[in-house]
Amino acid sequence: MTAQLDHLVVLADTLAQGTAWCDATLGISPGPGGQHPLFGTHNRLLAIAGERFVRAYLEVIAIDPDAGDPGRARWFDIDDERLRGEVRAHGPRLIHWVARVPDLAQAAAALAAQDIDCGERLQASRMTPSGLLEWQIVVRPDGRRPFDGCLPTLIQWGAAHPADGMPASGLSLRALRLQHPDAARLQSALTRIGLQGVSVQAAATPELRAELLTPRGLVSI
């Protein structure tokens, strides 16, 4: 089992807010994304691949005001009123990350063996100008992020990957650093799915911190 960092998740109150944040923070606007009818969200995307993180991209995600109630908890803790209030008041923030795996069932079983419930396996898709994107993903029924967002959501892409159609952005992900009170168990979980290259440290408060090389120099988000 070899997992790889797939994308970073930045939550915004609206996509307009998220776009303005990218312009101000990273010096570039995100490209088009799509809608997620299953969860009532939509996104915009930005390539951030580098030598260590091949095919990586950044996702700016927000509740889709035109989607209505999805009838289930939204993914990535997006229904958490405290989190949404912080983003509304203080701007978009990095809340989570997603790791791609070649065999989703095997990777989820590896975490379950460590008593980590990463959720149910779902089939999802969305149309793009290049055709249909299809993927499988594991999401808890309550929508909660594992390890406060520090343990990635697992995804298995179909024949196409969204980064394949993204233009170069001038951005490159250099590092992802995780801090968590249960750092040893978090590191063990990453090892079980074969994910390397991400820093894990013990700290009283969970935190994700990504370093990107941008047109404005090295930026930490």
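This text goes with the structure placed above it.
To start, this report covers the structure provided alongside it.

Rules behind the numbers
- Residues numbered from 1 in each chain as written.
- Predicted model: local features only at pLDDT ≥ 70, side-chain atom pairs only at ≥ 80, totals over all residues.
- Heavy atoms only, no water.
- Helix = DSSP H or I, 4+ residues; strand = E, 2+ residues; numbered from the N terminus.
- Buried < 20%, exposed > 50% of the residue type's maximum accessible area, 1.4 Å probe, protein only.
- Contact = heavy atoms within 4.5 Å.
- Lys, Arg positive; Asp, Glu negative; His and termini not counted.
- Charge placed at Lys NZ, Arg CZ, Asp CG, Glu CD.
- Pairing = 2+ DSSP bridges.
- Axes fitted to C-alpha atoms, helices over the stretch in contact; angles between N-to-C directions.
- Phe/Tyr/Trp six-rings, centres within 6.5 Å; stacked < 30°, edge-to-face > 60°.
- Core = buried A, V, L, I, M, F, W, Y, C linked by side-chain atoms within 4.5 Å.

### Side note on the overall build of the protein
For the protein, the count of helices and strands is four helices and twelve strands. Taken over the C-alpha atoms alone, the protein extends approximately 40 × 40 × 35 Å along its principal axes. Within the protein, buried positions represent 50% of all 221 residues. Summarising the internal contacts of the protein: among those between residues at least 6 apart in sequence, 67% fall at separations of at least 24. Taken together, the 21 basic and 24 acidic charged side chains of the protein have centroids lying 4 Å from each other.

### Focus on the sheet that holds strand β1 (residues 4-11)
Each strand in a sheet pairs with its neighbour through backbone hydrogen bonds, running either in the same direction (parallel) or in the opposite one (antiparallel). The strand order across the open sheet formed by eight strands is β2-β3-β4-β1-β5-β8-β7-β6, and the pairing between neighbours is mixed. What marks the edges here is a single partner per strand, and that holds for β2 (31-36) and β6 (120-128). Ignoring which end each strand starts from, the neighbouring axes of this sheet average 30° apart. Bridge analysis of strand β3 (residues 41-47) against strand β4 (residues 57-63) gives seven bridges, and the strand direction is antiparallel.

### Quick look at the packing of aromatic side chains
Taken as a whole and judged by the stated rule, the model has three aromatic pairs. A centroid spacing of 4.3 Å and a plane angle of 15° characterise the contact between Phe 39 and Trp 75, whose relative ring orientation is stacked. Here Phe 39, found in the loop between β2 and β3, pairs with Trp 75, found in the loop between β4 and α2 (81-90); they are 36 residues apart in sequence, far enough to count as distant. Phe 39 gets classed as buried once you look at its relative accessible area, which sits at 1%. A relative accessible area of 4% places Trp 75 in the buried class. Geometrically, the ring pair formed by Trp 75 and Phe 76 is stacked, given 4.8 Å between the ring centres and 0° between the ring planes. Looking at Phe 76, the relative accessible area reads 4%, which means it is buried. Each residue in the set Phe 39, Trp 75 and Phe 76 is aromatic and connected to the rest through ring pairs, giving one cluster.

### Describing the sheet that holds strand β10 (residues 199-202)
The sheet built from four strands is open, its strands ordered β10-β9-β11-β12 with mixed pairing. Strands at the two margins of the open sheet, each flanked by one partner only, are β10 and β12 (217-220). Averaged over all adjacent pairs, the angle separating strand axes in this sheet is 20°, with direction ignored. Here strand β11 (residues 207-214) runs beside β12; their pairing, made up of four bridges, is antiparallel. In the strand pairing of β12, Glu 211 is matched with Ser 220. Along the sheet, helix α4 (residues 183-192) contacts β9 (172-180) and β10; its crossing angle with β10, the most-contacted strand, is approximately 160°.

### Concerning the pairing of β2
As paired elements, β2 and β3 share four bridges and run antiparallel to each other. Note that in β3 the partner of Pro 32 across the bridge is Arg 44. Between the end of β2 and the start of β3, which pair antiparallel, lie four residues, with Gly 40 showing a positive phi angle near 70°.

### Examining the nonpolar core
Leu 8, Leu 26, Trp 97, Leu 154, Leu 176, Leu 178 and Ile 221 are the most contacted members of the largest nonpolar core, which totals 48 residues. Taken together, the elements giving at least two residues each to this core come down to β1, α1 (15-26), β4, β5 (93-100), α3 (104-112), β9, α4 and β11. Apart from residues no more than four positions distant in its own chain, Leu 8 is found in contact with Ile 48, Tyr 57, Leu 58, Glu 59, Leu 94, His 96, Trp 97, Leu 173, Leu 176 and Ala 210. Membership of the second largest hydrophobic core comes to 24 residues, among which are Leu 11, Ile 61, Trp 135 and Ala 163.

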